[in-house]
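# Overview (structure and organization)
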Amino acid sequence: MRITPCQAALAAAIALNLLLLLCSRLSPGVTPSCHPPPVPGVTVILRDFDAPDHDVAATARSFSSLPGVPVLVAAEVSPYPPVSLPAGVTLLSLQPQPHRPPPRPELTVRTRHVALVPDGARPVPGLLRRMRDVLEATKDGDTKVVAAAVGRRRPRCLTLEVDLKEWTRSGQQSGQWAPQHCGTLDGAPAVLLLRTRDLFSLPFPLHRPILTSLPLQASLRGWRLLLLPDSFPLAPRLPPSPPQQWKSQRLAEDRRRALLQLFGLKLEVLPDGQRRWHGCDKDTPRCFGTVRAQTPQYLLAGRWTPPCCLRALRATARHVLAQLEAAGVRHWLEGGSLLGAVRSGDIIPWDYDVDVGLYRDDVPKCPWLAAVAATGRAVEDPQGFLWEKAAEGEFFRVHFSRANRLHVDLWPFYSRPPGVMTKDTWLGHGQDVEFPESFLVPLGSVGFVGVLAKAPNDPRAFLELKFGRGAIESPEYPNPQVRRLAQDV
């Protein structure tokens, strides 16, 4: 029996549809061979739009009028208030549903390139194609994204540095002229175009806000962004009312905060040098859990102490040292805190507390320690620092606040014959040893967290007694058997 061309085409179409159906039902680990080969062209994805004054229907309609340009509206839930999307525009649900397979947006985009378009943009004939051609003609293998402004304002081109180890994001104004290679854009909306395979190689390809999320992920991969001098028009809108403006700003800030939390970023260094902190204030809990085997959980992830935690520890240390000094309590920096002071005048970048030794006989001189010793109950001082007796033994702790348990440990020592300083609680740390009282008579001083702190009179000998020879010149994590510093530097 002869097979006609129509029958052959129908059979091929049925086979392709069956393959697509099979692939869509496989687990997220499905091999790329199940995906149909990409086709030339650009798919437009609308992702960043805000209810209730969004322009998503008109934006989708304008780009869907371009020949051969598929348009997807990506959202967790359908746009609200309800809108009538133009024919041919696909609503791409990103919210997992118990009765459906997990969302797989990468299976929906068939073209080789994708453009992430902000709400309110309007197309310019040929501009998407030109952006695609520029991307493909770029010889620089690190340039993975091409951008064009939306509206009359041109976004600022910033360098971008993301240091996950130090939980920090920083950007500076780029001095180049258009076309510009940027790390990220700021101050105005823009269309971002990249290869589909690159977009969906990112762990959070469609996370909002796109103009912040995508450059963050690109920076971690060494990608660069090329900003063209071209621009797309921005649809005119009525000025928002004050309540609408407040809601929009609040929503944008909430999304930005959630994004930085997702990436574990606690500090932003802005282009003007100002610092914006996220978390680690008096009202937030400590951003890491109980420390086991002298190794906080963040070290296991190859990260150091969050910078906002270091900031809170510095504030607590300065406060405690000032209170002890004012009360006439003989005290000195201990252990890793003294080590950090001698090395750099600061807390060691991966440390999680501050250790201070004091004479047990001087405890009654400090009103906060005296109150804790007399009642056994925690005491909050007027600055919001919480003084208490440690549950682990005979020593004291001063917390950054009642909610945020970043703390300074205060270790009461006393002298036993023949002139040896000892204490009643030992936690089994290698450096936790007795030492001659001669290190404290007289006391010396060393710079620490911005103040002059009391210290043993021979810090090097004191530290080498506790940590071993070369401790100052050879940094190491508290418990190298769990993780070594060499794994992260």
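Preceding this section is the structure that the text describes.
What counts, and where the lines are drawn
- Numbers given for residues are sequential positions, taken from 1 along each chain in its written order.
- Reporting in this predicted model follows two pLDDT cut-offs: at least 70 for local features of residues, and 80 or more for side-chain atom pairs to be given and counted; totals over whole chains, interfaces and linings ignore these cut-offs and use all residues.
- To obtain the side-chain values, all non-hydrogen atoms of the structure were used and water was disregarded.
- What counts as a helix is a DSSP run of H or I of at least four residues, what counts as a strand is a run of E of at least two, and both are numbered from the N terminus.
- In what follows, residue pairs with any heavy atoms lying within 4.5 Å of each other are defined as contacts.
- We define a polar contact as two N or O atoms separated by no more than 3.5 Å, with the added condition that, inside protein, one atom must be a possible hydrogen donor and the other a possible acceptor, whereas residues neighbouring each other in sequence contribute only through side-chain atom pairs.
- Angles run from 0 to 180 degrees between N-to-C directions of axes, and those axes are lines fitted to C-alpha atoms, restricted for helices to the stretch in contact.
- Roughly parallel here means an angle under 35 degrees, roughly antiparallel means over 145, roughly perpendicular means 65 to 115, and every remaining angle is called oblique.
- In this scheme the crossing of two helices becomes right-handed for a clockwise turn of the near helix relative to the far one and left-handed for an anticlockwise turn of less than a right angle.
- For this analysis, a ring pair means two rings from Phe, Tyr or Trp (six-membered ring only for Trp) whose centres lie within 6.5 Å, classed as stacked if their planes differ by under 30 degrees, edge-to-face if by over 60, and tilted for the remaining angles.
- Categorising residues by exposure relies on relative accessible area from a 1.4 Å probe, with only protein chains included: less than 20% of the type maximum marks a residue as buried, more than 50% marks it as exposed, and the intermediate range marks it as partly exposed.
- Whether a charge lies above a ring is judged from NZ of Lys or CZ of Arg, which has to be within 6 Å of the ring centre and within 35 degrees of the ring normal.
- When the sulfur atoms of two cysteines come within 2.5 Å, that pair is taken as a disulfide.
- Strands qualify as paired when DSSP identifies two bridges or more between them.

## Notes on the environment of Trp387
Structurally, Trp387 is set in strand 17 (residues 386-389). On a C-alpha basis, the gap between Trp387 and His407 in space is 9.4 Å, while along the polypeptide they are 20 residues apart. Those residues in contact with Trp387 that lie beyond four places of it in its chain are His319, Gln323, Cys366, Trp368, Leu369, Val372, Ala378, Val379, Asp381, Arg397, Val398 and Leu410. Among the polar contacts listed, one links the side chain of Trp387 to the side chain of Asp381, at a separation of 2.9 Å.

## Structural notes on the packing of helix 6 (residues 210-220) against helix 7 (residues 242-263)
Across the interface, helix 6 lies against helix 7 with an axial gap of 10 Å and an inter-helix angle of 20 degrees. With respect to helix 7, the axis of helix 6 lies roughly parallel. Here helix 6 runs over helix 7; the crossing is right-handed. Listed contacts from helix 7 to Thr212, Ser213, Leu216 and Gln217 of helix 6 are Arg256, Leu259, Leu260 and Phe263.

## Focus on the packing of aromatic side chains
For the structure on display, the rule yields 13 aromatic pairs. Ring centres 4.9 Å apart and planes at 75 degrees place the aromatic pair Phe435 and Phe462 in the edge-to-face group. Residue Phe435 is found in strand 21 (residues 435-436), and its partner Phe462 is found in helix 12 (residues 459-467); the two are separated by 27 residues along the sequence. The pair formed by Phe435 and Phe462 is uniform in burial state, with each residue classed as buried. Feature note: the residues Trp332, Tyr359, Phe413, Phe435, Phe439 and Phe462 constitute an aromatic cluster, connected by ring pairs. Stacked on the ring of Trp277, the Lys or Arg Arg311 has its end atom at 4.2 Å from the ring centre.

## Focus on the environment of Gly68
The topology assignment puts Gly68 in the loop between helix 2 (56-64) and strand 2 (71-75). For the pair Gly68 and Asp424, spaced 356 residues apart in sequence, the C-alpha separation works out to 78 Å.

## Some remarks on the state of the cysteines
Under the criterion given, the structure shown has two disulfides. Shown here is the disulfide that connects Cys157 with Cys182, its sulfur atoms set 1.9 Å apart. Taking the torsion about the sulfur-sulfur bond, which here is approximately -120 degrees, the covalent link between Cys157 and Cys182 counts as left-handed. Within this pair, whereas Cys157 is found in strand 6 (residues 156-163), its partner Cys182 is found in strand 8 (residues 180-182), the two being separated by 25 residues in sequence. For the pair shown, Cys157 and Cys182 are each scored as buried. Each sulfur of the disulfide joining Cys280 and Cys308 lies 2.1 Å from the other. Taken together, the positions of Cys280 in the loop between strand 13 (275-277) and helix 8 (297-300) and Cys308 in helix 9 (residues 307-327) put the pair 28 residues apart, joining distant regions of the chain. Across this residue pair, the class does not change: Cys280 and Cys308 are buried.

## Some thoughts on the packing of helix 10 (residues 335-344) against helix 12
Two numbers describe how helix 10 lies on helix 12: the axes approach to 10 Å, and their chain directions differ by 135 degrees. Accordingly, the angle class assigned to the pair helix 10 and helix 12 is oblique. Taken as a pair, helix 10 and helix 12 cross one another with a handedness that is left-handed. Residues Gly335, Gly336, Leu338, Leu339 and Val342 of helix 10 pack against Pro459, Phe462, Leu463 and Phe467 of helix 12.

## Overview of the sheet that holds strand 7 (residues 168-173)
Pairing between sheet strands relies on hydrogen bonds along the backbone, with the strands arranged either parallel or antiparallel. With respect to topology, five strands assemble into an open sheet ordered 9-6-7-12-13, the strand pairing being mixed. Since the sheet does not close on itself, it has two edges, and those belong to strand 9 (184-186) and strand 13, each with one partner. The sheet shows a mean angle of 25 degrees between the axes of neighbouring strands, direction not considered. Bridge count for strand 6 against strand 9 is three bridges, and the pairing is antiparallel. Each residue of the ladder has a partner; that of Leu158, found in strand 9, is Thr184. Contacting strand 6, strand 7 and strand 9, helix 6 crosses the sheet at an angle of about 55 degrees to strand 6.

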